[in-house]
Structure formats: C-alpha cells, structure tokens
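Below, each chain spelled out in residue letters.
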Amino acid sequence: MQNVVVDRPDLELSRVVREAQQGLSWNKARELCSSGRVKVNGRPVTDPTTRVQPGDQVSFDRTAPRQRNGVLPAERLVHVDGDVVVVEKPAGLMSVPFEDEKDTLIDITRAAVRAQQKRSGYDPELGIVHRIDIDTTGLLVFTRNLNAKRFLQQQFRAHTVHRRYLALVHGNIIGRTFDSILVRDRGDGLRGSWGVFRAPKGKPPEDAQRAVTHVRVLERFQEGATLVECALETGRQHQIRIHLSEAGCPLLGERVYIRDYKGPRIEAERPMLHAAELGFIHPRTERELSFRSEPPKDFAALLASLTPKRGPR
C-alpha cells in the first residue's frame, strides 16, 4: 500500500498516482484508478480525472485485486428485446472500456442478458451508441445487432434521441440554451467551450464540436443550490458539466470543472447528474420507445436535505 498526501491544488488523481510510482505510464495510472485500487481520503475513487486538493490523502496498491462488478442486477435491466437493451447505470462504473478495463457497464450488462436468456444458448454481443460519465447515473441503451446499431447511430447523428438529465448545481442558474463549440483543451488542460476560458486566436481546432444544452430551472433552494433539467440536443463528452460550470453554476460534487468557482460549496460524494429520460425510435418496429428513471438514493437524499425557496423561480 502506498500513501501520498497531496501538496498542490487541482491535481488530477491519475497524475498523483503516476508521480508517486516511478516509471508508471499514464495508461497504467488511469487503469489503477478505474480498477478500484485507488482511494482518496479512504474512499475508492474510480474516475482518474478526479481533481484532488492539498491535504487529501491518496492511497493505492498495485497488487490489490481489481474491483469486480460481475453481473448487472436484474432490476437494472429496464428493457430487453432482440435489438436493444436499456439499462439503469449505477454511479462509479465506466459505460464502456477506455482501453483494457474489464467489468464496465457493457460487460456486466452482457453478463446479465446472458443469464436472463441462458436457456437459448445465445451469447449476446452489445453495440455502443452513446456513453454517460463514470459517476453519472441513469438510462443508457445498447444495441444487439448491426442493423440496430446503425439505426440508433443515425438517430443520434440527427439529434432526434430524447435525453433529459436532472442536475443539482451550485448557485442560482438562469434557464437558457447553451450553444458552444467544445474543444479538448480550453487553454489549461481541461475541456471547455472555445473562447470562454481564453480569448480565441484564429479558428477552432479541427476536432472541435458544437454542443447544445437546453437548461430549465425546476427548483431553487435556500442553501444556494438549484435543481435543473438539461435536455441534450447534442451529446459531447462532459457537455452538461462544462456548460453548467461555464455559467458559474457547477454540479454539486463536481471534481473537475469547478476550479473557477469561488462561491460556497455544498459537499456531495459524486457529481449530482442523473439521466432521467431516454426516448428513441425502435430499429425494428419503428415505434417510439420512452423510458424514465427516478434519481438514485444519494441524489434523492441530498435533494431532500435542501430547503426550497418560496416565490418565483
């Protein structure tokens, strides 16, 4: 077991691990985190991009067994047919492998479908059409054949898939549509919108992508938090987290896109973001399917602990 006390602000967890272990590659440092063998202040943290602060205690053991997730609980299989599988993703689990990770959501979903249909003798393969962040919870769809994958991919490209998220944010955000160009590095190593963190020079990078998020306020709280819904028009990596942070209202529990926030913080174990609704046209029947998911216990408990404000939103 190796222990490190962080002495600099806003360090990425994988960097702390890599610097503490001489000769460790970036890929191995990230894999140590995602495999559940790294703890921050005694709590396992599986997102290698988590930001740690001075005084945080990071411990890891390269020889420890990796975290095993096994089979997705049957109650998290929301819908299963011959073309698509819709699941409720728990927090702390990668949607799909980053490199050679095992026991990601797609792995344990495949195991669950196999267990459910074991009498058929069919070993299911699942296709990826979208992802959600490691600590985000809620609805996600996998496909089960090439035709279904192409059909769903077309809907995602056309922005016709319905996706609504619930988010708890710091501050008093104003409902609006965020429309920006996201880049891999806004100027300080973080993803962000082109021209927001630093004045733009020239044209955006070739790999920059347009991102559109529609935000509506649902409830404001006396503690300085707001419950919002975020409807995705596009689905870029960290899109919601970036747009909310750039509005000055990062997620409760945010660890990455929060360095610019100077207001009081409400503590949370993870970023409070939940994929609550998912809707798409079925690839075989061409009928519209719609699913809803209630926020998990930690989200609901934090929400219940806040005091609603009276008056207009």
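Note: the structure precedes this text.
Note on numbering: residues in each chain are counted from 1, in written sequence order. Since the coordinates come from a predicted model, pLDDT governs what is reported: local features require at least 70, and pairs of side-chain atoms require 80 or more to be given and counted, while whole-chain, interface and lining totals use all residues. Processing note: side-chain calculations cover all non-hydrogen atoms of the structure and skip hydrogens and water entirely.

Draft legend 1. Inspection of the overall build of the protein chain at higher detail. Where helices and strands are cited, they refer to DSSP runs of H or I of at least four residues and of E of at least two residues respectively, numbered from the N terminus. If you tally the helices and strands in the protein chain, you get six helices and 17 strands. This radius of gyration counts C-alpha atoms alone. The globule rule is 2.2 Å times how many residues there are, raised to the power 0.38. The C-alpha radius of gyration computed for the protein chain amounts to 20 Å, which stays within 12% of the reference 20 Å derived for 313 residues, consistent with globular compactness. Along the three orthogonal principal directions, the C-alpha set of the protein chain runs to about 55 × 55 × 45 Å. Within the protein chain, buried positions represent 48% of all 313 residues. Every residue pair with non-hydrogen atoms within 4.5 Å of one another is taken to be in contact. Sequence separation of at least 24 residues holds for 65% of the intrachain contacts in the protein chain that already meet a minimum separation of 6. To be clear on the numbers: accessible area is Shrake-Rupley with a 1.4 Å probe, and residue cover counts the displayed protein chains and nothing else. When the accessible surface of the protein chain is split by element, carbon and sulfur atoms take 47% of a total near 16,000 Å². Distance from the positive charge centre (50 side chains) to the negative charge centre (40 side chains) of the protein chain: 1 Å. Exposure categories follow from relative accessible area, calculated using a 1.4 Å probe and restricted to protein chains: below 20% of the type maximum is buried, above 50% is exposed, and the middle band is partly exposed. Under this rule, positive means Lys or Arg and negative means Asp or Glu; His and the chain ends count for nothing. For charged residues, the charge sits on one atom: NZ in Lys, CZ in Arg, CG in Asp, CD in Glu.

Draft legend 2. A look at the packing of helix α1 (residues 13-20) against helix α2 (residues 26-34). Note on geometry: axes are C-alpha line fits, over the in-contact stretch for helices, and angles between N-to-C directions span 0 to 180 degrees. Close contact between α1 and α2 brings their axes to 9 Å; oriented N to C, the two are set at 115°. The handedness of the crossing between α1 and α2 is right-handed. Contacts from L13, S14, R15, V17 and R18 of α1 reach α2 at W26, A29, R30, L32 and C33. Two helices crossing with the near one rotated counterclockwise from the far one by less than a right angle form a left-handed crossing, whereas a clockwise rotation gives a right-handed crossing.

Draft legend 3. Main features of the nonpolar core. In terms of nonpolar packing, the biggest core is built from 31 residues, with I173 and L244 touching the most fellow members. Of all the secondary-structure elements, those providing two or more residues to this core are β8 (84-89), α3 (105-116), β10 (137-143), β11 (162-170), β14 (209-221), β15 (225-232), α5 (239-246) and β16 (273-281). Here this core takes five residues from α3, the largest share from any one element. If we ignore the near neighbours within four places in the chain, the residues touching I173 are F178, V215, V217, R220, T226, V228, L244, A247 and C249. For this analysis, a nonpolar core means a set of buried residues of the types Ala, Val, Leu, Ile, Met, Phe, Trp, Tyr and Cys, connected via side-chain atoms within 4.5 Å. Formed by 15 residues, the second largest nonpolar core is a distinct cluster that contains L13, L24, V40 and V52.

Draft legend 4. Spatial organisation of the environment of V215. Within the secondary structure, V215 is located in strand β14. Taking C-alpha positions, V215 is 30 Å from E75, a pair spaced 140 residues apart along the chain. The residues touching V215, leaving out its near neighbours within four places in the chain, are I173, G175, R176, F178, V228, E229, C230 and L244.

Draft legend 5. Representation of the pattern of salt bridges within the structure. Every case where a carboxyl oxygen of Asp or Glu lies within 4 Å of a side-chain nitrogen of Lys or Arg is listed as a salt bridge. What the rule picks out here adds up to 20 salt bridges. The salt bridge partner of R15 is E19, with a shortest N-O separation of 2.9 Å. A residue pair is termed a helical-turn pair when its members lie 3 or 4 positions apart in one helix, as R15 and E19 do in helix α1 at four residues. Residue classification places R15 among the partly exposed positions, given a relative accessible area of 36%. The residue E229 makes a salt bridge to R164 at a minimum N-O spacing of 2.6 Å. Separated by 65 residues along the polypeptide, E229 in strand β15 and R164 in strand β11 bring together distant segments of the chain.

Draft legend 6. Structural detail: the packing of aromatic side chains. Think of it this way: a Phe, Tyr or Trp ring, Trp meaning its six-membered ring, pairs with another when their centres are within 6.5 Å, and the plane angle makes it stacked under 30 degrees, edge-to-face over 60, tilted otherwise. Applying the stated rule across the entire model yields one aromatic pair. Seen in terms of ring centroids, F280 and F291 are 6.2 Å apart; in terms of plane orientation they differ by 35°. Their pairing is tilted. Within this pair, whereas F280 is found in strand β16, its partner F291 is found in strand β17 (residues 288-292), the two being separated by eleven residues in sequence. Whether a charge lies above a ring is judged from NZ of Lys or CZ of Arg, which has to be within 6 Å of the ring centre and within 35 degrees of the ring normal. A cation over an aromatic ring shows up here: R176 above the ring of F178, its NZ or CZ 4.0 Å from the ring centre.

Draft legend 7. Spatial organisation of the pairing of β8. Burial of β8 is extensive: six of the six residues sit out of reach of the surface. Burial along β8 is two-sided: V84, V86 and E88 and V85, V87 and K89, pointing in opposite directions, are all buried. Both strand β7 (residues 77-80) and β8 contribute to a ladder of three bridges, which runs antiparallel. Looking at β8, one finds that H79 is bridged to V86. Pairing between strands is defined by DSSP: at least two bridges between the two strands are required. What sits between β7 and β8 in their antiparallel hairpin is a turn of three residues.

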